[in-house]
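# Reading the structure
In case you want the letters, here they are:
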Amino acid sequence: MQLSIRHELPTDIKDIHALEAEAFGRRQEADLVDRLRADGALWLSQIALVDDRIVGHAAYSLIEISQNSDKWTFPALGPIAVAPANQRRGIGSALIRAGIEIVREAGFGLLFLVGHPAYYPRFGFQPALPLGFSSDYVKPGGRHEHFMALVLDQSLIGCVRGHMRYHRAFADT
């Protein structure tokens, strides 16, 4: 398997939409990516190719962390999708690692996501709530392990904290 990862091109958009819909078994995530792109909120969009065929996609948008009058902006991963026939072959992992490198190179000290708590810790993600971050995806007193952060700059912990808000398009998903 010859895997390559690159930024999306305008000619990839239709195939990305189809891949997202196939991977999730519904259109909501595909429509979300399209809306983020249309709103100029898709900070990074990477595709994974095998034999020049798109088999994976990772979307990153910018989120806002706020506490009182303090506000910070960081990227968030999601959605990420791999074609069902190509899952469990390391494609999602390769996309995540490539995205983390771009986030690091861009100078961001934190990366957020909402995802499976058994999968993402292998990349260094940890529950965000104990780090001082809340989210609309975490109900007071409810489970929180799926809301995670990757700390790329330890000096931010304790200095940056507050409530995380995704782009408004996520509320429709």
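It should be noted that the structure appears before, not after, this text.
Residues numbered from 1 in each chain as written. Predicted model: local features only at pLDDT ≥ 70, side-chain atom pairs only at ≥ 80, totals over all residues. Heavy atoms only, no water.

Bringing the side chain of asparagine 86 into the picture now. Mapped onto the elements of the fold, asparagine 86 is located in the loop between strand E4 (70–82) and helix H3 (91–105). A polar contact is formed between the side chain of asparagine 86 and the side chain of arginine 89, at a distance of 2.6 Å. Not counting the four nearest positions on each side in its chain, asparagine 86 is found in contact with Arg53, Val55 and Ile91. (Helix = DSSP H or I, 4+ residues; strand = E, 2+ residues; numbered from the N terminus. Polar contact = N/O pair within 3.5 Å; in protein donor to acceptor, adjacent residues only side chain to side chain. Contact = heavy atoms within 4.5 Å.)

Another point: the nonpolar core. Across soluble globular proteins, you tend to see nonpolar side chains buried next to one another. Judged by nonpolar contacts, the single largest core of 53 residues is most densely connected at Phe74, Phe112, Tyr120, Phe125 and Phe133. Those elements giving two or more residues to this core turn out to be helix H1 (13–24), helix H2 (28–38), strand E2 (42–50), strand E3 (53–67), E4, H3, strand E5 (110–114) and strand E8 (147–151). Element by element, the count of residues in this core is highest for E3, at seven residues. Other than its neighbours up to four places away in sequence, phenylalanine 74 contacts Ser61, Leu62, Ile63, Ile65, Phe108, Gly109, Leu110, Phe112, Leu156 and Val160. (Core = buried A, V, L, I, M, F, W, Y, C linked by side-chain atoms within 4.5 Å. Buried < 20%, exposed > 50% of the residue type's maximum accessible area, 1.4 Å probe, protein only.)

Here we come to H2. Those residues of H2 that sit buried are Glu29, Ala30, Leu32, Val33, Leu36 and Arg37. The buried residues of H2 occupy an angular sector of 160 degrees when the element is viewed end-on, so they sit on one face. Lining the buried residues of H2 we find H1, E2, E3 and E4. Two residues or fewer after H2 comes glycine 40, characterised by a positive phi angle close to 70 degrees. (Arc of directions from axis to C-beta.)

Let us look at unusual backbone geometry. Along the chain, glycine 78 connects to proline 79 via a cis peptide bond; the corresponding omega equals 0 degrees. By the element assignment, proline 79 lies in strand E4. Phi at asparagine 68 is positive, roughly 55 degrees, even though this residue is not glycine. Examined against the element boundaries, asparagine 68 turns out to sit in the loop between E3 and E4. Owing to a relative accessible area of 75%, asparagine 68 belongs among the exposed residues under this scheme.

As paired elements, E3 and E4 share eleven bridges and run antiparallel to each other. Following the sheet pairing, glutamine 67 is matched in E4 by aspartate 70. The pairing of E4 with E5 spans two bridges and is parallel. Following the sheet pairing, leucine 77 is matched in E5 by leucine 113. In this fold, E4 hands off to H3, which returns the chain to E5; that crossover is right-handed. (Pairing = 2+ DSSP bridges. Right-handed = clockwise from strand over helix to strand, strands pointing away.)

Right, let's talk about the environment of valine 50 for a bit. Among the secondary structure elements, valine 50 is positioned in strand E2. Classification of valine 50 by relative accessible area gives buried; the value is 5%. With 93 residues separating them in the primary sequence, valine 50 and arginine 143 have C-alpha atoms 37 Å apart. Dropping the residues within four chain positions of it, valine 50 is found in contact with Met1, Gln2, Leu3, Val55 and Ile91.

Burial analysis of E5 places four of its five residues in the buried class, the great majority of the element. Two elements, E5 and E8, share five bridges in a ladder whose sense is antiparallel. Across the sheet, residue valine 114 finds its bridge partner in E8, namely phenylalanine 147.

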